[in-house]
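Structure assessment
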Amino acid sequence: MTSTGFRRTFVAIGVCSSLALAATACGSGGDGSASGKTRITVNCEPPKSARTDRKFFDADVASFERQNPDIDVVTHDAFPCEDPKTFDAKLAGGQMEDVFYTYFTDVGHVVDINQAADLTPYLKEMKSYGTLQKQLRDIYTVNGKVYGIPRTGYSMGLIYNRALFERAGLDPDQPPTTWDEVRADAKKIAALGNGTVGYADYSAQNQGGWHFTAELYSQGGDVVSADGKRATVDTPEGHAVLRNLHDMRWNDNSMGSKQLLVINDAQQLMGAGKLGMYLAAPDNIPILAKEKGARYDDIAIGPMPGGQGTLIGGDGYMFNKHDSPAQIRAGLKWLEHMFLTPGKGFLGDYARAKRNNAPVGLPEPRLFTGAADAKDQAIKKANANVPVKNYQPFLDGNAELRMKIEPPNAQQIYSVLDGTVSAVLTNKDADIDQLLKDASGKIDGILARS
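Residues numbered from 1 in each chain as written. Predicted model: local features only at pLDDT ≥ 70, side-chain atom pairs only at ≥ 80, totals over all residues. Heavy atoms only, no water.

For the rest of this paragraph, the subject is a negative patch on the surface. On the surface, a cluster of negative charge is contributed by Asp234, Asp431, Asp433 and Asp438. Tracing the backbone shows Asp431 in the loop between α17 (410-426) and α18 (432-449). (Patch = residues over 30% accessible without salt bridge, like charges linked within 9 Å, V, L, I, M, F, W, Y side chains within 5 Å. Areas by Shrake-Rupley, 256 points an atom, 1.4 Å probe, with all protein chains shown as cover. Salt bridge = Lys/Arg side-chain N within 4 Å of Asp/Glu carboxyl O. Lys, Arg positive; Asp, Glu negative; His and termini not counted. Charge placed at Lys NZ, Arg CZ, Asp CG, Glu CD. Helix = DSSP H or I, 4+ residues; strand = E, 2+ residues; numbered from the N terminus.)

Laid out in structure tokens, this is it:
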């Protein structure tokens, strides 16, 4: 899954805009030449409803075309950029854009069905590629060949309410780093009464399975085996995840009585000052402050408890297998201009974002390394408009954690694990052993069919 907070990124649903349809087919066509120019179609243009982001994006595309008068960029907007219900159909039907948005979890599938262009021969022409984090580059590398370029990433952590920590006698500068500490702190926060919840977790709409996976990673476990052929949830680590949730819910009464929550429920509670902690990525913070009533000063984030690992996700772009060499070169140039130049472009122009009251200084995982990273961080720091000190525990703790992407067939697996988590949170007498055994069998079936 993606983190569902605000990140100034938007995803397209695979329907061409009327303007784009007038200019070109929705997918890749021919060699992309038009009036002597190389034409590329790209998706993930912000929708018109997101006025500021749309303005930024279109201005950056126009700037790119002025600097590259031999390239014509046709943008497609809709929301979200990648709709799982239409993604495969677009690929199979030849309707995918020349340069198309993908989640990290898409890469193996797109390559397996032979719908991605091999970018390896062109990377030497791309100035920024070597400056990107290797672990992100590796996500788009299959059997030694590069099939895509990463754009953003996220990692899970523990969002918490500093004001409630203080009221409960806890140190807001020292968030819990183990699950035992989370449990102890949640009890103290819930003891404040008046409907206050110490810790909340999701258990519906596949989000419970997503969080079970993140919590399993935090314990040092995994959802599937390294070869991707069998489930590995029925393990001591899996039992520890469910036992902890059960005990907080039923023994401590620190998770509240309302269950089957999704992300918006947790955000509403946190924004109202009624929730101590929940797992999320840093991009939830602006949602809490701008839409749910929280104060930036009260919201902080620590590392994923457990000390073993955390779930990471993110996105990037892949290229249509029918792209011509000229289109691939044009697309790589466009990506560098839009997303991969430190301190500039749609996601990196921090000064522009600050002028338009967009949050600057959130602790997103770093995209760059070396001198490029130093430049990017310096510009971000100079334009920060959020309390960055509240995020230092997250940054410090993340440095010690193993970063793991979501499992294969993630959504199907999450659907199975939703039932496992919801059973524990809604039934005091739930049989954890049987739940994990049943989930393991269902996941094995999913993997066998993939």
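Additional details are given in the paragraphs that follow.
This part takes up unusual backbone geometry. Phi at Asn194 is positive, roughly 60°, even though this residue is not glycine. Tracing the backbone shows Asn194 in the loop between α7 (179-190) and β9 (197-200). The backbone of Leu260 shows a phi angle near 60°, a positive value even though the residue is not glycine. Topologically, Leu260 is positioned in the loop between α9 (236-251) and α10 (263-271).

Backbone hydrogen bonds are what pair the strands of a sheet, in a parallel or an antiparallel way. Taken in spatial order, the four strands of this open sheet run β9-β10-β8-β11, and their pairing is mixed. Of all strands in the sheet, those with a lone pairing partner are β9 and β11 (299-303), marking the two edges. Pairwise comparison of adjacent strand axes, ignoring direction, gives a mean angle of 20° for this sheet. When strand β8 (residues 157-161) meets β11, the two strands line up antiparallel, connected through five bridges. Bridging from a neighbouring strand, Leu158 pairs with Gly302 of β11. (Pairing = 2+ DSSP bridges. Axes fitted to C-alpha atoms, helices over the stretch in contact; angles between N-to-C directions.)

In this section: the packing of aromatic side chains. According to the stated counting rule, one finds 13 aromatic pairs in the structure shown. A ring pair is formed by Tyr101 and Tyr103, whose centres lie 5.5 Å apart and whose planes are at 80°; its orientation type is edge-to-face. No difference in accessibility class separates Tyr101 from Tyr103, as the two residues are buried. Ring centres 6.5 Å apart and planes at 35° place the aromatic pair Tyr202 and Trp210 in the tilted group. You can call Tyr202 buried: its relative accessible area is 1%. Judged by its relative accessible area of 2%, Trp210 is buried. Ring-pair connections join several aromatic residues into one group, and the members of that group are Phe57, Tyr101, Tyr103, Tyr317, Trp334, Phe339 and Phe346. Its guanidinium or amino end placed over the ring of Tyr129, Arg137 lies 5.4 Å from that ring's centre, counting from NZ or CZ. In this structure, Lys404 packs its charged tip against the face of Tyr217, placed 5.0 Å from the ring centre. (Phe/Tyr/Trp six-rings, centres within 6.5 Å; stacked < 30°, edge-to-face > 60°. Buried < 20%, exposed > 50% of the residue type's maximum accessible area, 1.4 Å probe, protein only. Lys NZ or Arg CZ within 6 Å of the ring centre and 35° of its normal.)

A separate point is the pattern of salt bridges. Following the criterion strictly, the structure yields 19 salt bridges and no others. With its nearest N and O atoms 2.9 Å apart, the salt bridge here joins Arg39 to Asp72. One end of the pair, Arg39, is in strand β2 (residues 37-45); the other, Asp72, is in strand β3 (residues 71-77), with 33 residues separating them in the sequence. Judged by its relative accessible area of 21%, Arg39 is partly exposed. The salt bridge partner of Arg329 is Glu125, with a shortest N-O separation of 3.0 Å. Placement of Arg329 in helix α12 (residues 325-339) and of Glu125 in the loop between α4 (107-112) and α5 (134-139) is noted, with a sequence separation of 204 residues between them. Of the residues examined, Glu125 reaches a relative accessible area of 45% and is grouped as partly exposed. Among the charged side chains, a salt-bridge network with shared partners connects Glu45, Arg54, Asp58 and Asp77.

Before going further, it helps to spend a moment on the nonpolar core. One finds Ile159, Tyr199, Phe212, Leu245, Met277, Tyr278 and Ile443 to be the most contacted residues of the largest nonpolar core, which totals 71 residues. Considering each element in turn, this core owes the most residues, nine residues, to α17. Here Phe212 is in contact with Val233, Gly238, Val241, Leu242, Leu417, Val421 and Leu436, once residues within four sequence places are set aside. Judged by nonpolar contacts, the second largest core, of 52 residues, contains Ile71, Tyr103, Leu123 and Phe346. (Core = buried A, V, L, I, M, F, W, Y, C linked by side-chain atoms within 4.5 Å. Contact = heavy atoms within 4.5 Å.)

Okay, the packing of helix α8 (residues 207-218) against α17 next. At a closest axis distance of 6 Å, the pairing of α8 and α17 adopts a crossing angle of 85°. On the basis of the axis angle, α8 is roughly perpendicular to α17. Across the interface between the two elements, Gln207, Gly208, Gly209, Trp210, Phe212 and Thr213 of α8 pack against Tyr414, Leu417, Asp418 and Val421 of α17. (Parallel < 35°, antiparallel > 145°, perpendicular 65-115°, else oblique.)

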